[in-house]
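# Results of the structural survey
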Amino acid sequence: VRDRFDTPSGAAIARGFNLQATQTLTPRIFAAVRATRASSPVVAVPTDIRRSATAFETSVGYRLTTELTVRGGYQRERSYRDLEWSNAAVMSMVWAERWW
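In this report, we go over the structure that sits alongside the text. Just so you know, these numbers come straight off a predicted model, no measurement behind them.

Glancing now at the overall build of the protein. For the protein, the helix and strand inventory stands at 0 helices and 6 strands. Listed N to C, the secondary structure of the protein is β-β-β-β-β-β in terms of helices and strands. Along the first, second and third principal axes, the C-alpha set of the protein runs to 60 × 35 × 20 Å. Looking at the protein alone, contacts between residues at least 24 apart form 33% of all its contacts between residues at least 6 apart. Approximately 7900 Å² of the protein is accessible, and the part contributed by carbon and sulfur atoms is 57%.

Shown next as structure tokens:
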């Protein structure tokens, strides 16, 4: 995504992307990865600076039943103002059933 907008000091451009991939390994097991980045200008007089946020995530899921899936993975991100990366182990349980 590329977005251009006008500011008092001229045109500013923000950019970003989101990439995702999922692979079914067996009928019950899947793997997924995601990468996201957003970069935007901070309009400041007299100069403009640019800040960006980046996130990466990888996970493996196991389908316990047709309605219940458990996922575990790793997440790494750096937000707009952070200089260091933050890391986390992630886990989720998803229940999905059709209502109609």
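On the surface, a cluster of positive charge is contributed by R2, R4, R15 and R50. Checked against the element boundaries, R4 lands in strand 1 (residues 2-7).

Before going further, it helps to examine the side chain of S39. Along the polypeptide, S39 turns up in strand 3 (residues 29-43). By relative accessible area, which is 12% here, S39 ends up buried. Beyond its immediate chain neighbours, meaning those up to four positions away, S39 contacts A14, R15, R50, R51 and S52.

The full count for this structure, using the stated rule, is 2 salt bridges. The shortest N-O distance in the salt bridge between R34 and E57 comes to 3.0 Å. Here R34 is found in strand 3, whereas its partner E57 is found in strand 4 (residues 48-63), with 23 residues between them in sequence. Looking at R34, the relative accessible area reads 34%, which means it is partly exposed. Between E57 and R71 there is a salt bridge, with the nearest N and O atoms lying 3.5 Å from each other. With E57 in strand 4 and R71 in strand 5 (residues 68-78), this residue pair connects regions lying 14 residues apart in the sequence. Judged by its relative accessible area of 17%, E57 is buried.

Among the structural elements, S59 can be located in strand 4. A relative accessible area of 4% places S59 in the buried class. If sequence neighbours within four positions are ignored, S59 has contacts with F30, A31, A32, R71, G72 and G73.

The subject of this paragraph is the environment of D3. Relative to the assigned elements, D3 resides in strand 1. The spatial distance from the C-alpha of D3 to the C-alpha of G16 is 8.9 Å, given a sequence separation of 13 residues. Filtering out sequence-adjacent residues up to four positions away, D3 remains in contact with A12, I13 and A14.

Scoring rules and cut-offs
- Residues numbered from 1 in each chain as written.
- Predicted model: local features only at pLDDT ≥ 70, side-chain atom pairs only at ≥ 80, totals over all residues.
- Heavy atoms only, no water.
- Helix = DSSP H or I, 4+ residues; strand = E, 2+ residues; numbered from the N terminus.
- Contact = heavy atoms within 4.5 Å.
- Areas by Shrake-Rupley, 256 points an atom, 1.4 Å probe, with all protein chains shown as cover.
- Patch = residues over 30% accessible without salt bridge, like charges linked within 9 Å, V, L, I, M, F, W, Y side chains within 5 Å.
- Salt bridge = Lys/Arg side-chain N within 4 Å of Asp/Glu carboxyl O.
- Lys, Arg positive; Asp, Glu negative; His and termini not counted.
- Charge placed at Lys NZ, Arg CZ, Asp CG, Glu CD.
- Buried < 20%, exposed > 50% of the residue type's maximum accessible area, 1.4 Å probe, protein only.

This is a description of form; function is not addressed.
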